Amino acid sequence: MEGQEETKNITVVVAGRPYPLKIRVEDEASLRKIVKEVNEKINRFQLTYTHKDKQDCLSMALLTYAVDLHKTQLATAQEAHLSAKLSHLEALLDQEV
């Protein structure tokens, strides 16, 4: 069928809980890799903070990803701002030539 993406139903397990998802077929490999990384991060928190329950470790993992995303967004915004400044400078130099 033209115009429709192929999807499939899968179940992933995060922090010991199953989550049924409907995903695009081409996203499955990257999604499974992300799930594996999240579970590994949760497990590392559990080993480091033995007095914390799984929910606390899941929350800490989520926060680390949120901080990383925020840093990436800031860096992207700074790059866009710098690129705009460079384009402006280039335009000024072109006028002088």
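Residues numbered from 1 in each chain as written. Predicted model: local features only at pLDDT ≥ 70, side-chain atom pairs only at ≥ 80, totals over all residues. Heavy atoms only, no water.

1. Concerning the pairing of strand E1 (residues 7-14)
In terms of strand pairing, E1 meets strand E2 (residues 17-24) through eight bridges, oriented antiparallel. Directly across from Lys8, in E2, lies its bridge partner Ile23. Taking the residues between adjacent antiparallel strands as the criterion, E1 and E2 are bridged by two residues, where Ala15 takes a positive phi near 55°. (Pairing = 2+ DSSP bridges. Helix = DSSP H or I, 4+ residues; strand = E, 2+ residues; numbered from the N terminus.)

2. As for the nonpolar core
Ile10, Val12, Val14, Ala15, Ile23, Val35, Val38, Ile42, Phe45, Cys57 and Ala61 form the largest nonpolar core, which has 11 residues in total. For this core, the secondary-structure elements that each account for two or more residues are E1, helix H1 (28-48) and helix H2 (54-96). Sort the elements by how many residues they give to this core and H1 lands first, with four residues. When sequence neighbours within four positions are dropped, the list of residues in contact with Val14 reads Tyr19, Val35, Val38, Asn39, Ile42 and Leu58. (Core = buried A, V, L, I, M, F, W, Y, C linked by side-chain atoms within 4.5 Å. Buried < 20%, exposed > 50% of the residue type's maximum accessible area, 1.4 Å probe, protein only. Contact = heavy atoms within 4.5 Å.)

3. A short note on the environment of Lys36
Note on placement: Lys36 falls in helix H1. Judged by relative accessible area, Lys36 falls into the exposed class, the value being 54%. For Lys36 and Gln46, which are 10 residues apart along the polypeptide, the C-alpha to C-alpha distance reads 15 Å.

4. Thoughts on the packing of aromatic side chains
Within the structure shown, the criterion is met by one aromatic pair. For the pair Phe45 and Tyr49, a centre-to-centre distance of 6.1 Å together with 25° between the ring planes defines the contact as stacked. Above the plane of the ring of Tyr65 lies Lys41, whose end atom (NZ or CZ) is 5.1 Å from the centre. (Phe/Tyr/Trp six-rings, centres within 6.5 Å; stacked < 30°, edge-to-face > 60°. Lys NZ or Arg CZ within 6 Å of the ring centre and 35° of its normal.)

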